[in-house]
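Listed below, chain by chain, are the residues.
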Amino acid sequence: MYTFKHLIKEIKKYKREFILAQIIALIATIISIPIPMLMPLLIDEVLLKKPGLWVENLSNIFGQCSAFCYVIVTLIIVLVLRSLFVALNVAQTYFFEKITKDITYKIRLRVLSHLKNLSINEYENLKTGDIASRLISDVNTVEEFLIKSVSRFVISALTLIGVAIVLLLINWKLGLFILILNPFVVVLSGKIARKVKKYKAAQNRSISIFQEALIETLELFEQIKAYNKEDFFFKKLFNLTKELKQKAFDFSYKVEAFNKLSFLVFLIGFEIFRAAGILAVAYDNLTIGLMLAVYSYLWFMMTPIQDIISIQYSYFAAKAALDRINETLELKTEPKFPHKQNPFENPVQIEIQNISFKYNESDWILKNASAAIRPNKITALIGASGGGKTTLAKIIAGFFTPNEGDIKYNGVSFKEIGLDKIRENVSLILQETRLFNDTLLFNLTLGKEFSEDEIWKALKLAELKETVEKWPEKLNTYVGKNGVKLSGGQKQRVAIARALLHKPKIIILDESTSALDIDTEEKVFKNIESFLKERTSIIIAHRAETIAKAEDILMIKNKEIITLKTS
Ligand SMILES: Nc1ncnc2c1ncn2[C@@H]1O[C@H](COP(=O)(O)OP(=O)(O)OP(=O)(O)O)[C@@H](O)[C@H]1O
């Protein structure tokens, strides 16, 4: 869970950079505060010939000098101060950006690590577009707030305080005006700011709904075309785009209206100040130069006031964004079991002991099911469609844990091995093979090192070597999104070759040759027979020819496992 407290704790980890940046901010503020006053002082002291502190100091340093010389010297000083101010601002931005980018990087990393450990059940219900938008736009919203608050708040507050002091010194009555008007502006705008949270959340929500629908439409584009459903799906997208526009419009025009309103409040104050300034010259000994200095300060104050106001609404937007990020962090992760024992050294005997399993809201898929699966044998798992074969395969492969009962590998319970270790040693090849939009080589190795010889050997056993040899790019051929450039049967053979390469201790072929013609299927099975017999192999199939290859046969019936044949 992320809260603002956590963010502050994170900022505290960068104490050195943070303090340094605040010191730079302080120096920048001190440098910037006299700037608006220097030129107007010349009006009194040079044009209206009322010598004062500024000209006196300049004469002490540069000696008596003409009006031209005072103006040029003052101009140079103002320009140097302005340049210094900008340079210090850049330095300060560097540190603040470093801190905030580091923090948002950590947030993204934490969400990603959480997603990495997600339970497969939770993953199956996941809306990918929605998660993508939380990781991108919501984290950006938090970052925006951090930058504004961490970097601009201190400098804005200091500037306002500094300016208020100078104004009070120039003329305490005018100074008071500002001190009274500023809280009014801030409080008024703060009230409107709270509404921004609602619009921002609604806008982010419609971005993620849109993103989700867009991704799904593009992913299932072929099916949509095949059923001539473009109109239906794109109409949905058009409507979502319209909604997105409406929400974005609601958000931005209201924020804009709010900005204008606060600016109007400022302008009203500004006009009153101008009038009060003139009155102060007429009735209260304020010099014309100082009156112009007050005008300059009014403009000078605009940026810090606007900044403080925008910090308020970016705070509410960030709060909404944090809530959505936290929802992602609340997604269930898979249970973590300690790696107490590793039973995968030898051929693996699998004992299924009274397991019961159901998906979140479903009925029991398996109830009190037991069976033994022997090593160095091929076991066929059969049963009616929807009976739970794939479910059992996924339980054995460590994707799900049974709600009741135990699964033991060479006598060791899954709770003592850890699901990740189980998956490392089991290859589950499903009927539908999904490939990465990368080269064939990557899809075979998944980034692990194998010699070319090993790869070609695996392709040969999977009856894919001749096909790949004919491709101009051979192993470096890109397979396209989800492997679209390959036929269903080729994809299945890529998955088999991948399993051959990774040499798992347990291999489960779940209808994974269903797209092959009988001849090729025969050849593949003949090629991999010895590979299958060197480990624990389970074949899930409907075809009698495939089942006939098995030595043991198990059947799922009425949520239980029946042993039909043992060799
Ligand atoms: N992720 C899931 N969430 C909820 N129910 C599921 C999920 N996956 C499968 N099921 C349900 O579990 C039951 C068993 O499905 P499973 O895929 O294990 O059967 P199967 O025997 O492999 O079927 P087939 O021979 O058709 O491949 C089905 O009723 C299915 O609807």
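Here is what the cut-offs are and how they apply
Residues numbered from 1 in each chain as written. Predicted model: local features only at pLDDT ≥ 70, side-chain atom pairs only at ≥ 80, totals over all residues. Heavy atoms only, no water. Near = heavy atom within 4 Å. Polar contact = N/O pair within 3.5 Å; in protein donor to acceptor, adjacent residues only side chain to side chain. Areas by Shrake-Rupley, 256 points an atom, 1.4 Å probe, with all protein chains shown as cover. Nonpolar A, V, L, I, M, F, W, Y, C, P; charged D, E, K, R; others polar. Pairing = 2+ DSSP bridges. Helix = DSSP H or I, 4+ residues; strand = E, 2+ residues; numbered from the N terminus. Contact = heavy atoms within 4.5 Å. Axes fitted to C-alpha atoms, helices over the stretch in contact; angles between N-to-C directions. Phe/Tyr/Trp six-rings, centres within 6.5 Å; stacked < 30°, edge-to-face > 60°. Lys NZ or Arg CZ within 6 Å of the ring centre and 35° of its normal. UniProt positions renumbered as here; feature names shortened; annotations may be inferred. Parallel < 35°, antiparallel > 145°, perpendicular 65-115°, else oblique. Left-handed = near helix turned anticlockwise from the far one by under 90°. Expected span 1.5 Å × (residues − 1). Buried < 20%, exposed > 50% of the residue type's maximum accessible area, 1.4 Å probe, protein only.

Moving on: the site of the ligand. Near the ligand, the surroundings consist of E124, Y359, I365, A384, S385, G386, G387, G388, K389, T390, T391 and H542. S385 has a polar side-chain atom sitting 2.6 Å from an oxygen atom of the ligand. Contact between the ligand and G388: an oxygen atom at 2.9 Å from a main-chain N or O atom of the residue. Contact with the protein chains covers 62% of the free accessible surface of the ligand, which is 630 Å². Classifying every residue of the shell around the ligand by side-chain character gives 3 nonpolar, 7 polar and 2 charged.

This part takes up the sheet that holds strand β4 (residues 404-409). Spatially, β2-β1-β4-β5 is the arrangement adopted by the 4 strands of the open sheet, whose pairing is antiparallel. The two strands at the open ends of the sheet, each matched to only one other strand, are β2 (366-373) and β5 (412-413). In this sheet, β2 lies alongside strand β1 (residues 350-357) in antiparallel orientation, the contact comprising 5 bridges. Note that in β2 the partner of F357 across the bridge is L366. Running at roughly 120 degrees to β1, helix α13 (residues 389-396) makes contact with β1, β2 and β4 of the sheet.

Another aspect to go through is the packing of aromatic side chains. Within this structure, the stated rule accounts for 16 aromatic pairs. What links up through ring pairs into an aromatic cluster is the set F4, F145, Y315 and F316. Taking the ring centre of W364 as reference, the NZ or CZ of K358 above it sits at 4.9 Å. One residue, K367, lies across the ring of W364, its end atom 4.1 Å from the ring centre.

What follows deals with the UniProt feature "transmembrane region" (unreviewed entry) in the chain. The feature "transmembrane region" (unreviewed entry), as annotated in UniProt, sits at residues 20-41, 61-81, 153-170, 176-193 and 261-282 in this numbering. Summarising residues 153-170: 100% helix, 0% strand, and an end-to-end C-alpha distance of 26 Å.

It is worth spelling out the packing of helix α7 (residues 128-170) against helix α12 (residues 302-329) at this point. Across the interface, α7 lies against α12 with an axial gap of 7 Å and an inter-helix angle of 150 degrees. Accordingly, the angle class assigned to the pair α7 and α12 is roughly antiparallel. Note on packing geometry: the crossing formed by α7 with α12 is left-handed. Across the contact of α7 with α12, the residue classes tally to 17 nonpolar, 8 polar and 8 charged.

Let's shift gears to helix α3 (residues 35-47). For α3, built from 13 residues, the straight-helix expectation of 18 Å at 1.5 Å per residue is met to within 8% by its first-to-last C-alpha distance of 19 Å. Judged by how many residues are buried, α3 sits mostly within the fold: 10 of 13 residues are covered. Turning to α3, the residues buried within the fold contact α2 (15-32), α4 (53-62), α5 (67-116), α7 and α11 (288-300). Remark: K49 follows α3 within two positions and exhibits a positive phi of approximately 50 degrees.

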